[in-house]
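So the chains spell out like this:
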Amino acid sequence: MKFGQAEAVLYHEELTNGNQRDVPIKLSDNQEGWEGDKVEWYTQKEVANLIGVSKATVYHYDGKQKKIIKILDPHRLHKEARYEKAEVDRLVYEKQALPTGMSPNDVAKKLGLSVQSVYKYIQDGSIKAEAVPYGDERITYVISETAYHEAEKSNQTI
């Protein structure tokens, strides 16, 4: 069954609950394309490499956490999921703005302490660390090189 363009738009709106993102558009030479083809994008693998996470984590960023939105591909014209470049670049920028350093686990190994001890020292202020959001509702800590060296010096007295 062949649809006219207006019928295809209405049918597509019914399937996508009115989402206009992938409404058919006219291209040159009377070819029909999808609006998702006009948007600059990254593949799921490229997103994973840029952010430094696994492809499964990218999937969770899209589905559960809604950090990025997958470009709809109702006709499965592309083998791999695609994500809007602007949104991914925003996420990369946010990640780069986070403090860098060592994790409490790394510090514990280097100082010969248990991870629980490192967390205790972070809580009482003996080891300076910055809280960084991790996942949906959790936080982790990042310990700078300077803070590590201070902890290393004081570890001899701890």
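Residues numbered from 1 in each chain as written. Predicted model: local features only at pLDDT ≥ 70, side-chain atom pairs only at ≥ 80, totals over all residues. Heavy atoms only, no water.

Draft legend 1. Inspection of the pattern of salt bridges at higher detail. Taken as a whole and assessed by the stated rule, the structure comprises three salt bridges. Residue Lys85 is joined to Asp89 by a salt bridge in which the shortest nitrogen-to-oxygen separation is 2.9 Å. A residue pair is termed a helical-turn pair when its members lie 3 or 4 positions apart in one helix, as Lys85 and Asp89 do in helix H4 (residues 85–97) at four residues. With a closest N to O distance of 3.4 Å, Glu150 and Lys128 form a salt bridge. Of this pair, Glu150 sits in helix H7 (residues 145–155) while Lys128 is found in the loop between helix H6 (115–124) and strand E5 (130–134), placing the two residues 22 residues apart along the sequence. On the basis of relative accessibility, which here comes to 53%, the residue Lys128 falls in the exposed class. (Salt bridge = Lys/Arg side-chain N within 4 Å of Asp/Glu carboxyl O. Helix = DSSP H or I, 4+ residues; strand = E, 2+ residues; numbered from the N terminus. Buried < 20%, exposed > 50% of the residue type's maximum accessible area, 1.4 Å probe, protein only.)

Draft legend 2. Looking closely at the packing of aromatic side chains. Throughout the structure, instances matching the rule amount to one aromatic pair. Summarising the aromatic geometry, the rings of Tyr119 and Tyr141 are spaced 6.0 Å apart at their centres and angled 65 degrees between planes, so their arrangement reads as edge-to-face. Remark: Tyr141 occurs in strand E6 (residues 138–142) and Tyr119 occurs in helix H6; sequence separation between them is 22 residues. Judged by relative accessible area, Tyr141 falls into the buried class, the value being 15%. Above the ring of Trp41, the side-chain terminus of Arg82 is found at 5.1 Å from the ring centroid. (Phe/Tyr/Trp six-rings, centres within 6.5 Å; stacked < 30°, edge-to-face > 60°. Lys NZ or Arg CZ within 6 Å of the ring centre and 35° of its normal.)

Draft legend 3. Up close: the confidence of the model for the protein. Per-residue confidence for the protein averages 75 on the pLDDT scale, and 69% of its residues sit at or above 70. The secondary structure element of the protein with the lowest average pLDDT is strand E1 (residues 24–26), at 43, and the one with the highest is H6, at 93. Confidence drops under pLDDT 50 across residues 1–6; counting only partners more than four residues distant or on other chains, this segment forms five contacts. Contacts from residues 18–34, a stretch scored under 50 in pLDDT, to residues over four places away or in other chains number 43 contacts. (pLDDT = per-residue confidence, 0-100. Contact = heavy atoms within 4.5 Å.)

Draft legend 4. Looking closely at the environment of Ile143. For Ile143, the location among the structural elements is in the loop between E6 and H7. Not counting residues within four places of it along the chain, the set of residues in contact with Ile143 comprises Gly101, Met102, Ser103, Pro104, Val107, Val118, Ile122, Ile127, Lys128, Ala129 and Tyr148.

Draft legend 5. Geometry of the side chain of Gln44. Inspection of the secondary structure assignment puts Gln44 in helix H2 (residues 44–51). Ignoring anything within four residues of it in the chain, the contact list for Gln44 reads Lys55, Val58, Tyr59, Glu80, Ala81 and Tyr83.

Draft legend 6. Quick look at the packing of H2 against H4. Two elements in contact, H2 and H4, have axes whose closest approach is 10 Å; the angle formed by their N-to-C orientations is 15 degrees. The angle between H2 and H4 places the two elements in the roughly parallel class. In the packing of H2 onto H4, the handedness of the crossing is right-handed. Facing H2, whose interface residues are Val47, Leu50 and Ile51, H4 presents Val88, Leu91, Val92 and Lys95. Of the residues that constitute the contact of H2 with H4, the class distribution is six nonpolar, no polar and one charged. (Axes fitted to C-alpha atoms, helices over the stretch in contact; angles between N-to-C directions. Parallel < 35°, antiparallel > 145°, perpendicular 65-115°, else oblique. Left-handed = near helix turned anticlockwise from the far one by under 90°. Nonpolar A, V, L, I, M, F, W, Y, C, P; charged D, E, K, R; others polar.)

Draft legend 7. Examining H4 more closely. Its 13 residues place the ends of H4 18 Å apart at the C-alpha level, agreeing with the 18 Å of an ideal helix rising 1.5 Å per residue. Buried within H4 we find Glu87, Val88, Leu91 and Val92. Buried residues of H4, seen end-on, are gathered within an arc of 140 degrees and therefore sit on one face of the element. Looking at H4, the residues exposed on the side facing more than 90 degrees away from the buried face are Ala86, Tyr93, Gln96 and Ala97. (Expected span 1.5 Å × (residues − 1). Arc of directions from axis to C-beta.)

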